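Summary of structural features
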Amino acid sequence: MENQLFIHNTLTRRKELFEPINPPFAGMYVCGPTVYGDPHLGHARPAISFDLVFRYLLHLGYKVRYVRNITDVGHLVADLDEGEDKIAVKARVEQLEPMEIAQYYADRYFIYMNALNVKRPSIEPRASGHMIEQILMVQKILDAGYAYEVNGSVYFDVEKYSKSHEYGKLSGRILEDLISNTRSLEAQDEKRNNADFALWKKAQPEHIMRWPSTWGDGFPGWHLECSAMSTKYLGDYFDIHGGGMDLLFPHHESEIAQCEAAIGHESVKYWMHNNMVTINGQKMGKSLGNFITLDEFFTGTHASLQQAYSPMTIRFFILQAHYRSTLDFSNEALQAAEKGLKKLLAGYETLVKLIPTPPPLSLPEGEGRIHDLQRSCYASMNDDFNSPMVIASLFEGVRLINSAADQKESLSIPEMVLLKNIFDTFLFDILGIRDEKSNDQGELLDGLMQLVLAIRQKSRETKDWGTSDQIRDALQKLQITVKDGKDGSSWGKE
RNA sequence: GGUUUCGUGGCCGAGUGGCUAGGCAGCGGUCUGCAAAACCGUCCACAGCGGUUCGACUCCGCUCGAAACCUCCA
């Protein structure tokens, strides 16, 4: 199977052939969460989008090192007097150690990401554990002459940098606009220029999170950790850097500047950005207060939710949109995703039952519609990870399966085996859907159900519909659906 | 104001210079004791106005509308 993977590079704004720097290795860095609150639907988007990338690169045979950071140092808070650390602020409110809070929310993050079947990255470095690397990077930038120190803080000199480099090339911004448009905030008079950003901030006495450095006690600027940790684990030049579109400026723009200033050349080959989840057309985010946490989705405990939505429903919902499009949340859309996913999984089960055991040993090199289906799945993934198209192809597969089960269409055994292989590969391995209802009591349940259905069949034969319906209704309450067909009854669990 | 995008049928969402996206919902039918499920058929589109073209939803321009970023945010 030939695979020419094309990735949309934000830097060039076009799709480019993916050619890893050191095949068969591939390096990917993605900006992870700041752990000071419960993860919400917005956090699920990049996690799942780049999980898809991770899974597909693995499927293609690359040896992938996927690094996603945990921000536990905190960023400056503009609306507070002294530019306090976000995590430190929360700590004072709750009378907890900052690290206690970071630990708590990091754990929560992993729990919910795990529920969404998001694979754990290869390395999940924490900003607080990489202070030395960050301080060294600041020093490198100072040595290169692209930063200056004022009163124990170090700032990046954007104006000087842009004389020899292009600050703004990722986000398309023009330096003059930045200088004239950037709002001036308190305690920024230290900066030579509005567009300059902090590499290292001096810690005020009340600031809890602080680290010693050559410039005095302080804490790193908020763009620094990603530059320091990505290059530490992936090298001076690596393949993919991802994150949310909202991080494009200034975060990623500044990362580029920091790396070029410290290293002397670009560090990222492909920049990838996922789009936002919206609610009523607006970005779902912490600051707008319009977010719904994953916990609330899973339990249905939020005023704007009509019901609970399972983790796989959420995952499927996200994958039904392309990662670079906005995705609008609504109950209707989520319910549609829930039903669609159910249909897909039911189709897979039907297929498994159609295939005789043991399956034939040899898989003849076939052609025709099933291979076309497989080809289109690959083509979709290769076209910048177009998961909605893959899903459409899988639905086409379901239509074939159901038609075959209804004997309105014939599928050969090799065709069915190939179809199952497509589902196993794309639905489960690459899209990362897992069947939530499967459990290890399957055999017991299966035996019991055979018995129940046999008894019900007797009553049906004597046209005792009362008993028959009573059994069916009772099973329905247990979320088991009985389907009566020509050749007897079958059942399925919700 | 600047930067980057977007505007697709009842809803969510792909895609393309001429060929059915897909899902959910609706309608009609097949099947069924009745259902459910499934299958078949069907309805509903490409913001508006110009331009390029044999032909545009797709390219270009303008208008209107929306969003993200410019301040912590996935």
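Residues numbered from 1 in each chain as written. Chains lettered and ligands numbered in written order. Predicted model: local features only at pLDDT ≥ 70, side-chain atom pairs only at ≥ 80, totals over all residues. Heavy atoms only, no water.

Turning our attention to the pattern of salt bridges. Pairing between side chains of opposite charge can happen when the charged atoms of each approach one another. One pass over the full model with this rule turns up 17 salt bridges. Between D38 and R108 there is a salt bridge, and its shortest N-O distance comes to 2.7 Å. Pair noted here: D38 is in the loop between β3 (25–30) and α1 (41–59) and R108 is in helix α3 (residues 98–115), with a separation of 70 residues, a long-range link. One salt bridge connects E133 with K232, and the closest N-O pair in it is separated by 2.8 Å. Pair noted here: E133 is in helix α4 (residues 131–143) and K232 is in helix α7 (residues 224–234), with a separation of 99 residues, a long-range link. Assessed through its relative accessible area of 24%, E133 is described here as partly exposed. Residues joined in a network through salt bridges with shared partners are D51, R55 and R315. (Salt bridge = Lys/Arg side-chain N within 4 Å of Asp/Glu carboxyl O. Helix = DSSP H or I, 4+ residues; strand = E, 2+ residues; numbered from the N terminus. Buried < 20%, exposed > 50% of the residue type's maximum accessible area, 1.4 Å probe, protein only.)

Attention now goes to the sheet that holds β3. Sheet strands associate in pairs through backbone hydrogen bonding, adopting either a parallel or an antiparallel arrangement. Within the open sheet, the four strands sit side by side as β4-β3-β9-β10. Their pairing is parallel. Two strands close off the open sheet at either side, each with one partner strand: β4 (63–68) and β10 (268–274). Sheet twist, expressed as the average angle between the axes of neighbouring strands with direction ignored, equals 20 degrees. Sheet topology places β3 next to β4; six bridges connect them, and they run parallel. Each residue of the ladder has a partner; that of M28, found in β4, is Y66. (Pairing = 2+ DSSP bridges. Axes fitted to C-alpha atoms, helices over the stretch in contact; angles between N-to-C directions.)

Below, the discussion takes up the sheet that holds strand β13 (residues 327–329). Taken in spatial order, the three strands of this open sheet run β12-β11-β13, and their pairing is mixed. Because the sheet does not close on itself, it has two edges, and the strands there are β12 (282–283) and β13. Two elements, strand β11 (residues 277–279) and β13, share three bridges in a ladder whose sense is parallel. The residue of β13 that forms the bridge with V277 is L327.

Right, let's talk about the packing of α1 against helix α10 (residues 311–319) for a bit. Their axes nearest at 10 Å, the elements α1 and α10 cross at an angle of 70 degrees. Judged by the inter-axis angle, α1 sits roughly perpendicular to α10. Where α1 abuts α10, its residues L41, A44, R45, I48, D51, L52 and R55 lie against I314, R315, I318 and L319. Classifying every residue of the contact of α1 with α10 gives seven nonpolar, no polar and four charged. (Parallel < 35°, antiparallel > 145°, perpendicular 65-115°, else oblique. Contact = heavy atoms within 4.5 Å. Nonpolar A, V, L, I, M, F, W, Y, C, P; charged D, E, K, R; others polar.)

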